[in-house]
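Structural description and commentary
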Amino acid sequence: MTTTFTFCGKWLHLVRVRSCYEISAQPFHDRFRKVRRRFKMKLQKELEDKIGYHFQNGRLLTQALTHSSYVNEHHMSKLADYERLEFLGDAVLEIAASEFLFHKYPRNPEGELTRMRASIVCEPTLAFCTRELELGKYLLLGKGEAQTGGRERKSVLSDVLEALIGAIYLDGGFANAKEFVHRFVLNDIEHKQLFYDSKTILQEVVQANYGEGLKYCLLAEEGPDHDKKFIVEARIGHAPYGKGCGRTKKSAEQEAAYETLLLLKEEKNIKIPRNLAE
């Protein structure tokens, strides 16, 4: 009798304690969600100010910034991430870039225009374009993706840029999407071409102007195996030049080559070959 009574008493007590906890905790969770929502809206408003376009349908912008890891972590619909918008934005970007190149280079044949377009809409160049916007700052990522460098991952950044183009197209039409592409992707096109072909162009410059060879030296590896960063320095002979940082040695070398080309152009007054002929 006593045992049964004691057990039931504890059980009832636990239920009361649990109920009190649930009632008192609910307002905290509600406040947390509201704070998180306001913070997200503030960041998205900041991004809208940067790109010079304000969405009529804010959900499109949210979706364009939402990674699949965030969707999975928050048990959202599988269609709530940016991948469908990326599919659309890719097509909008291609037609906008094609039209731009067609008019800018009226004497270039189809093959050259195709090569130039490919260099503009490829992953490394698109990721390069997101630097001005600091796009990684605004992404909605799952905890694991965020902790393993998702905000700086080129594949993610290039995909989100295309998703953002798709979102602007749906919200404001082709004219607004085209304006965004011209402003953030097709602006300063020669520098973007220089970045895309940086290793090849630097090799040509070194061969034409120096009697010494070009090499890339690994200065450091940072971070755990699942989140490595490589720091590389380009050297002409024994002289150090540009440094680059990337999640692969190849991307770090590309960055180092680009920085070296800028240094040679500005400080050594060395002429850089123009890959995009007017």
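Residues numbered from 1 in each chain as written. Predicted model: local features only at pLDDT ≥ 70, side-chain atom pairs only at ≥ 80, totals over all residues. Heavy atoms only, no water.

A few words now on the packing of helix 4 (residues 83–104) against helix 5 (residues 110–121). At their nearest, the axes of helix 4 and helix 5 sit 10 Å apart, and the two run at 135° to each other. The orientation of helix 4 relative to helix 5 falls into the category oblique. When the axes of helix 4 and helix 5 are compared, the crossing they make is right-handed. Across from Leu93, Glu94, Ala97, Ser98 and Leu101 in helix 4, the residues of helix 5 making contact are Leu113, Met116, Arg117, Ile120 and Val121. Taken together, the residues of the contact of helix 4 with helix 5 sort by class into seven nonpolar, one polar and two charged. (Axes fitted to C-alpha atoms, helices over the stretch in contact; angles between N-to-C directions. Helix = DSSP H or I, 4+ residues; strand = E, 2+ residues; numbered from the N terminus. Parallel < 35°, antiparallel > 145°, perpendicular 65-115°, else oblique. Left-handed = near helix turned anticlockwise from the far one by under 90°. Contact = heavy atoms within 4.5 Å. Nonpolar A, V, L, I, M, F, W, Y, C, P; charged D, E, K, R; others polar.)

Relative to strand 3 (residues 239–246), strand 2 (residues 229–236) runs antiparallel, the two sharing six bridges. Within strand 3, the position partnered with Phe230 by the bridge is Gly246. The antiparallel pairing of strand 2 with strand 3 creates a hairpin that spans two residues between the two strands, and Gly237 there sits at a positive phi of about 70°. (Pairing = 2+ DSSP bridges.)

With that out of the way, let us pick up the environment of Asn57. Mapped onto the elements, Asn57 comes out in the loop between helix 1 (2–51) and helix 2 (58–64). With 113 residues separating them along the chain, Asn57 and Leu170 place their C-alpha atoms 9.3 Å apart. Within the structure, Asn57 has its side chain in polar contact with the backbone nitrogen of Arg59 (distance 3.1 Å). (Polar contact = N/O pair within 3.5 Å; in protein donor to acceptor, adjacent residues only side chain to side chain.)

In this section: the confidence of the model for the protein chain. Model confidence for the protein chain is summarised by a mean pLDDT of 83, while 84% of its residues fall at 70 or above. Here helix 1 stands out as the least confident element of the protein chain, with mean pLDDT 57; helix 9 (residues 174–184) is the most confident, with 97. Low confidence marks residues 1–26, where pLDDT is under 50. Its contacts with residues over four positions away, or in another chain, come to one contact. (pLDDT = per-residue confidence, 0-100.)

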